[in-house]
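An overview of the molecular structure
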Amino acid sequence: SNAEMPKEAEALREKSLSLEKAFKDRTAIREPNDEDIRLLKEALDAQTAYLKALAVTDDDGYQRQMDLRKRYENLSAKFLWEESLKFERQAEAKVAEEKFEEAKALFLQAYLKQQKINEDYPLSDAYDVGRATRLDRQGRYLDAAPLFQRSIELEARADRLMEAEKWAEAEALLQEAIALQDTLNREYRGTHQANMSRLVELGVKVVGIQSGRSYSQVQDVFNRAEALRAEGEHMLAADLYLEAAQLQIELNDNYLGSPYASAERVGEYRRLSQTARSFDLWSAIERKHGQMSQLLSQRRPGDAVSILGDLRDDVTTMERRFPQSGYNDATLQLKVRYLYLIQNDLRAIQDEVYGQLLPLPGVEAAQMLRTEVSQDLYSLVMGTNPSRNKGDRRPVDSVSWNDAAQFCQRLGWILDRTVRLPSEDEFRSALGPLRFLVLEDYVWCLSDEAAVPQG
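Residues numbered from 1 in each chain as written. Predicted model: local features only at pLDDT ≥ 70, side-chain atom pairs only at ≥ 80, totals over all residues. Heavy atoms only, no water.

**Observations concerning the overall build of the chain**
How we decide: Numbering of helices and strands runs from the N terminus, with a helix taken as a DSSP run of H or I at least four residues long and a strand as a DSSP run of E at least two residues long. Only the C-alpha atoms count toward the radius of gyration. The rule for a globule is 2.2 Å times the residue count to the power 0.38. Only protein chains enter the accessibility calculation, which uses a 1.4 Å probe. A residue is then buried if its area is under 20% of the maximum for its type, exposed if over 50%, and partly exposed in between. Whether two residues touch is decided by their heavy atoms; if any such pair falls within 4.5 Å, the residues are in contact. The accessible surface values rely on the Shrake-Rupley method and a 1.4 Å probe; as for residues, cover is taken only from the protein chains in view. By the counting rule applied here, Lys and Arg register as positive and Asp and Glu as negative, while His and the ends of each chain are not counted. Where a charge lies is defined by one atom per residue type: Lys uses NZ, Arg uses CZ, Asp uses CG and Glu uses CD.
Summing up its helical and strand segments, the chain has 18 helices and two strands in all. The C-alpha atoms of the chain give a radius of gyration of 44 Å, which is well past the 23 Å a tight globule of 455 residues would have. Its C-alpha atoms give the chain principal-axis dimensions of about 125 × 80 × 35 Å. Burial status across the chain gives 37% buried among its 455 residues. Of all intrachain contacts in the chain linking residues separated by at least 6 positions in sequence, the fraction that spans at least 24 positions is 59%. Counting every atom, the chain has about 26,400 Å² of accessible surface; 50% of that belongs to carbon and sulfur. If you average the places of the 61 positive and of the 77 negative side-chain charges in the chain, the two averages end up 1 Å apart.

**A look at the packing of helix α14 (residues 330-341) against helix α17 (residues 401-415)**
The test is simple: To get an axis, a line is fitted to the C-alpha atoms, and for a helix only the part in contact is used. The angle between two axes follows their N-to-C directions and goes from 0 to 180 degrees. Each angle receives one of four descriptions, namely roughly parallel if under 35 degrees, roughly antiparallel if over 145, roughly perpendicular if within 65 to 115, and oblique otherwise. Under the scheme applied, nonpolar residues are Ala, Val, Leu, Ile, Met, Phe, Trp, Tyr, Cys and Pro; charged residues are Asp, Glu, Lys and Arg; polar residues are all the others, including Gly.
It is at 11 Å that the axes of α14 and α17 come closest, and there the two elements cross at 70 degrees. Comparing the axis directions of α14 and α17 gives the class roughly perpendicular. Counting all contacts with α14, which are made through Thr331, Leu334, Lys335, Tyr338 and Leu339, the residues of α17 involved are Arg410, Trp413 and Ile414. Among the residues forming the contact of α14 with α17, the class breakdown is five nonpolar, one polar and two charged.

**Quick notes on the nonpolar core**
Nonpolar side chains in soluble globular proteins tend to end up buried together. The line we're drawing: Here, nonpolar core refers to any group of buried Ala, Val, Leu, Ile, Met, Phe, Trp, Tyr and Cys residues whose side-chain atoms link them within 4.5 Å.
Judged by nonpolar contacts, the single largest core of 31 residues is most densely connected at Met292, Leu339, Ile349, Val381 and Ile414. For this core, the secondary structure elements donating two or more residues are α12 (279-297), α13 (301-321), α14, α15 (346-354), α16 (375-382) and α17. By residue number, the principal contributor to this core is α13, which donates six residues. Those residues in contact with Val381 that lie beyond four places of it in its chain are Tyr338, Ile349, Phe407, Arg410, Leu411 and Ile414. Core analysis: the next-biggest nonpolar cluster, separate from the first, contains 18 residues, Met162, Ala170, Leu173 and Val206 among them.

**Description of the packing of aromatic side chains**
Where we set the bar: Any two rings among Phe, Tyr and Trp, with Trp reduced to its six-membered ring, count as a pair given centres within 6.5 Å; such a pair is stacked if its planes are under 30 degrees apart, edge-to-face if over 60, and tilted if neither.
Under the definition given, this model contains nine aromatic pairs. Relative to Tyr241, the ring of Phe222 has its centre 6.1 Å away and its plane inclined at 50 degrees; by these criteria the two rings are tilted. With Phe222 in helix α9 (residues 212-230) and Tyr241 in helix α10 (residues 234-254), the pair connects residues that are 19 residues apart, well separated along the chain. Each ring, one from Tyr378 and one from Phe407, has its centre 5.5 Å from the other, and the planes form 15 degrees; the classification is stacked. Here Tyr378, found in helix α16, pairs with Phe407, found in helix α17; they are 29 residues apart in sequence, far enough to count as distant. Exposure remark for Phe407: the relative accessible area of 6% places this residue in the buried category. Joined through ring pairs, the aromatic side chains of Phe222, Tyr241 and Tyr269 make up one cluster.

**Points about the pattern of salt bridges**
We count it as follows: The salt bridge criterion pairs a side-chain nitrogen of Lys or Arg with a carboxyl oxygen of Asp or Glu, the two atoms within 4 Å.
Per the counting criterion, the structure on display carries 37 salt bridges. Residues Arg13 and Glu10 are paired through a salt bridge, measuring 4.0 Å at the closest nitrogen-oxygen approach. Here Arg13 and its partner Glu10 are both found in helix α1 (residues 7-26), three residues apart, which amounts to about one turn of the helix. On the basis of relative accessible area, Glu10 is assigned to the partly exposed category, the value being 22%. With a shortest N-O distance of 2.5 Å, Arg30 and Asp36 are connected by a salt bridge. A relative accessible area of 34% places Arg30 in the partly exposed class. Taken together, the shared-partner salt bridges connect Glu20, Lys24, Arg64 and Arg71 into one network.

**Quick look at the environment of Arg428**
Structurally, Arg428 can be placed in helix α18 (residues 424-431). Each C-alpha atom of the pair Arg428 and Gln291 lies 37 Å from the other, and the pair is 137 residues apart in sequence.

**Quick word on unusual backbone geometry**
Of note in this structure, Glu165 is not a glycine but carries a positive phi near 60 degrees. Here Glu165 is to be found in the loop between α6 (144-163) and α7 (167-187). Residue Ala365 is not a glycine yet carries a positive backbone phi of 65 degrees. Within the fold, Ala365 resides in the loop between β1 (357-359) and β2 (367-369).

**Describing the packing of α13 against α15**
Quick note on the threshold: For any pair of crossing helices, the crossing counts as left-handed if the nearer helix is rotated counterclockwise from the farther one by less than a right angle, and right-handed if it is rotated clockwise.
The N-to-C vectors of α13 and α15 enclose an angle of 145 degrees; their axes lie 9 Å apart at closest approach. The element α13 and its partner α15 pack so that their crossing is right-handed. Across from Pro301, Gly302 and Val305 in α13, the residues of α15 making contact are Leu346, Arg347 and Gln350. Taken together, the residues of the contact of α13 with α15 sort by class into three nonpolar, two polar and one charged.

**Looking at helix α11 (residues 263-277)**
Short version of the rule: In a helix, the anticipated span is given by 1.5 Å times the number of residues less one. For the purposes of these results, a polar contact is taken to be a pair of N or O atoms within 3.5 Å, where, inside protein, one atom must be able to donate a hydrogen and its partner to accept one; residues adjacent in sequence count only when each atom of the pair is a side-chain atom.
A rise of 1.5 Å per residue sets the reference length of α11, with its 15 residues, at 21 Å; its end C-alpha atoms lie 21 Å apart and thus fit the reference within 8%. Those residues of α11 that fall on the buried side of the exposure criterion are Val266, Tyr269, Leu272, Ser273, Gln274, Thr275 and Ala276. Looking at the packing, one finds that the buried side of α11 touches α9, α10, α12 and α13. Near the N-terminus of α11, the side chain that reaches the backbone nitrogen of Glu264, with its oxygen 3.5 Å away, is that of Ser262.

**So, the environment of Glu83**
By secondary structure assignment, the location of Glu83 is in helix α3 (residues 59-96). Distance from Glu83 to Tyr141, taken between C-alpha atoms, is 22 Å for residues 58 residues apart in sequence.

**Considering the environment of Pro122**
Of note, Pro122 is situated in the loop between α4 (100-120) and α5 (129-140). Owing to a relative accessible area of 41%, Pro122 belongs among the partly exposed residues under this scheme. Spatially, the C-alpha atom of Pro122 lies 7.7 Å from that of Glu73, the residues being 49 residues apart in sequence. Those residues in contact with Pro122 that lie beyond four places of it in its chain are Glu73, Ile117 and Tyr127.

Structure (structure tokens):
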């Protein structure tokens, strides 16, 4: 209690409270200045002296001492922290300008300010051992930047020499760049400039230089093949594409780490070789396909069938002899095989369809079947009938959207015309006056158990 407190301690306590109140009054409407901070320090010293003068422990007093100390250290450290931050930003700007010596001096100043905060004001919010370590490392290792820059420049010069195919000069520069990067990795660990992956990449480039002559030879043969193909000399071009592939295989085997090594390039050259070698066959396929399509569009399926057999043989030969040729067309292969399979039904299908086509009102040059697709027509085209309510003249049912799309594609092949499903507007237009009815009341679906769709 106050009655038991020594007068000296009581006076110190009152002094501390009075100084703190004065500090709060002075800083209520403005930022604290140096004099205010000294006032707060006096309040802290008085509180510390008060606690020493007590004969007993005062927990509240110690908590107040801690609060005063933290506030004082935060205010005292604030200016140092702002200066440290300013020096750091200036240093970073100098690094961007590649003025490394000036940047190094500024990083040192930033470090010293942070270090003083850590030593003198450990309770402040600005206390940060990690930041001091980082600033010290940035300053001490800034010497690495010029070495790294030199290594980068050497690599860039080597790249230009490689483009000019001056292999020996390029390799000498790359070896120097490798030596610098190795120094950075050993002596400046922890910096951005230390980079093991870059050392590996430089080594790969050296291997690339050593394989450069081989790659130049590959490119030379490839360019000659391209020129011959452009001139229409497809067989000669095919032989050169194969030669380029073989040279690329040898490069791959001899220089595993070379950037010019490429299994994909071998495959590409082989594909180009087969494409060039199959040019004449592809030209024949294109010609026969065009003739067959024209005959189908003219409703001459018998004449189209006379071409279809040779066309199928050519397509099969292309697929078997030249599987990698760019002229292989999976859709064409499927079309030809399908038409060959149903060649005996081509006339019947065409007659069935053309006998039912009517102009589509409001859509120029478009026609639509007068009825739904019958099970008979669907079976002829698709080779199957999924309908639950069987009947050749009844509309086909139980067909998915994908089935319908495939039906349209195949019928388009047979007619050599574009065949598709109608839109809702087109369907309503074809209905004439019936288009104003609620169609859902007049369609058949699976839920109509008692009803059977009629043809």
